[in-house]
Amino acid sequence: MYTKQKYPKSMIFYHSLLAVLMIATLVLGWVMDRENGLMFFHKSVGVLVLVFGVLRIINRMRNMSNIPPSVNHGTLHLVEKSVHGILMLMMLVLPIVGWLVSNAKGYPVSVFGLFDLPNLMGKNEALSETLGEMHEVGANVFFFLLIFHVVGAVYHKLKTKEDVISRILPW
Ligand code: HEM
Ligand code: HEM
């Protein structure tokens, strides 16, 4: 059922914030190399994804009864909910695996140079390779699901004329 009812303001805030932080971390991951120093920002912004991701999940649980009804039914409803679920999971899994990759490579995780996160594990070259591959696969899964998520939203606006995008935009 489509209603113009917007998402609660706090959910709109977290959705926008996490979209900006996650897309920034992804792009930094793509463009960083050993020389350009962007790894530092990739990790620091990635840690913000984890912190605000946890706050977002708590906020979502507190707002369950105010969420507007989904526009999809049957299989499509299941697909929509699964994509949202995996995107939310990626918000936590990508930073935690990234944190493990850094520690396994023998580096601490500095947050904007202000302080270091505690080490989750000791140096382990062999495991760092596997974790690095998991992190890369996870980032690709996130990217493709994000495209699917956005295309789904645009499809509703153009084809079914259900303006779901305006329900989650801050304006
Ligand atoms: C939304 C969160 C994140 C996304 C989307 C993301 C994405 C990426 C991408 C696309 C790469 C390049 C993969 C490659 O081509 O090898 C990468 C590499 C890396 N990321 Fe992240 N990342 C995230 C969070 C983090 C965090 C929080 C940390 C550390 C605290 C981190 C640490 C690393 C490290 C160490 C590498 C290099 C891996 C290697 O050389 O094998 N990432 N990340
Ligand atoms: C440009 C980027 C994005 C656009 C245009 C977009 C669009 C939308 C739209 C239109 C909805 C509302 C659907 C409805 O009315 O039922 C929505 C909800 C949602 N989106 Fe996105 N989105 C974007 C980025 C992201 C990212 C990066 C994530 C990663 C976590 C994400 C996760 C979610 C989730 C979990 C929901 C369900 C509401 C909630 O629990 O907060 N979105 N998005």
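Colleague: I'd like a description of the overall build of the chain, backed by residues and values.
Modeller: A tally of regular secondary structure across the chain gives five helices and two strands. Moving toward the C terminus, one meets the helices and strands of the chain in the order α-α-α-β-β-α-α. When the backbone C-alpha atoms are referred to their principal axes, the chain occupies close to 50 × 25 × 25 Å. Counting only residues that meet the buried cut, the chain has 18% of its 171 residues in that class. Long-range contacts, defined here as pairs at least 24 residues apart, represent 67% of the contacts in the chain between residues at least 6 apart.

Colleague: So, the site of ligand 1: which residues are in play, and what are the values?
Modeller: Around ligand 1, the surrounding shell holds 22 residues, and the nearest of these are G29, G46, P95, G98 and G132. Of all the secondary-structure elements, those providing two or more residues to the shell around ligand 1 are α1 (9–31), α2 (38–62), α3 (74–104) and α4 (125–158). Taken together, the residues that form the shell around ligand 1 break down as twelve nonpolar, eight polar and two charged.

Colleague: So, the packing of α2 against α3: which residues are in play, and what are the values?
Modeller: At a minimum axis distance of 9 Å, the contact between α2 and α3 shows a crossing angle of 140°. Regarding the angle of α2 to α3, the classification is oblique. Crossing of α2 over α3 shows left-handed handedness. Of α3, the residues touching α2 (which contributes K43, G46, V47, V49, L50, G53 and I57) are M88, M91, L92, P95, I96, G98 and S102. Tallied by class, residues from the contact of α2 with α3 come to nine nonpolar, four polar and one charged.

Colleague: How would you sum up the site of ligand 2? Please name residues and give values.
Modeller: Around ligand 2, a shell composed of 19 residues is seen, among which A19, H84, L87, A153 and V164 lie nearest. For the shell around ligand 2, the secondary structure elements donating two or more residues are α1, α3, α4 and α5 (164–168). Counted by class, the shell around ligand 2 contains 13 nonpolar, four polar and two charged residues.

Colleague: Tell me about the environment of G152, and name the residues and values.
Modeller: Structurally, the position occupied by G152 is in helix α4. We classify G152 as partly exposed; it has 15 C-beta atoms within 10 Å. In sequence terms G152 and V164 are twelve residues apart; their C-alpha atoms lie 9.7 Å from each other.

Colleague: A description of α2 should follow, citing residues and the corresponding values.
Modeller: Owing to its 3.6 residues per turn, the α-helix aligns residues three or four sequence positions apart on the same side. Taking 1.5 Å per residue as the helical rise, α2 with its 25 residues ought to reach 36 Å, and the 36 Å between its terminal C-alpha atoms agrees with that figure. In this structure, the buried residues of α2 make contact with α1, α3 and β1 (110–111).

Colleague: Outline the nonpolar core, supporting the account with residue identities and numerical values.
Modeller: Formed by L21, M22, L26, V45, V49, M90, M91, L94 and F142, the largest nonpolar core amounts to nine residues. Those elements that place two or more of their residues in this core are α1, α2 and α3. With residues near it in sequence (within four places) discarded, V49 still touches L18, L21, M22, T25, M91 and P95. Listed in part, the seven residues of the second largest apolar core include V47, W99, V101 and L131.

Conventions and cut-offs
- Residues take numbers from 1 onward in each chain, read along the sequence in its written order.
- Written order determines the labels here, with chains lettered from A and ligands numbered from 1.
- In view of the model being predicted, local features appear only for residues whose pLDDT reaches at least 70, and side-chain atom pairs are presented and counted only at 80 or more, with totals across whole chains, interfaces and linings using the full set of residues.
- Going along the chain from the N terminus, every DSSP run of H or I of four or more residues is numbered as a helix, and every run of E of two or more is numbered as a strand.
- Burial is judged by counting the other C-beta atoms within 10 Å of a residue's own C-beta: 20 or more makes it buried, 12 or fewer makes it exposed, and any count in between marks it as partly exposed, with every C-beta position built from the backbone.
- Whether two residues are in contact is decided by their C-beta atoms, placed from the backbone, lying within 7 Å.
- The rule is simple: place the C-beta atom from the backbone, and if it lies within 6 Å of a molecule or strand, the residue is near it.
- We call Asp, Glu, Lys and Arg charged. Ala, Val, Leu, Ile, Met, Phe, Trp, Tyr, Cys and Pro are nonpolar, and the rest, Gly among them, are polar.
- To get an axis, fit a line to the C-alpha atoms, keeping to the stretch in contact for a helix; angles then go from 0 to 180 degrees between the N-to-C directions.
- What sets the label is the angle itself: under 35 degrees gives roughly parallel, over 145 gives roughly antiparallel, 65 to 115 gives roughly perpendicular, and the rest give oblique.
- The crossing is said to be left-handed when, going from far helix to near helix, the turn is anticlockwise and less than a right angle, and right-handed when the turn is clockwise.
- Given the number of residues in a helix, its expected span is that number minus one, multiplied by 1.5 Å.
- By our criterion, buried Ala, Val, Leu, Ile, Met, Phe, Trp, Tyr and Cys residues that link up through C-beta atoms within 7 Å make up a nonpolar core.

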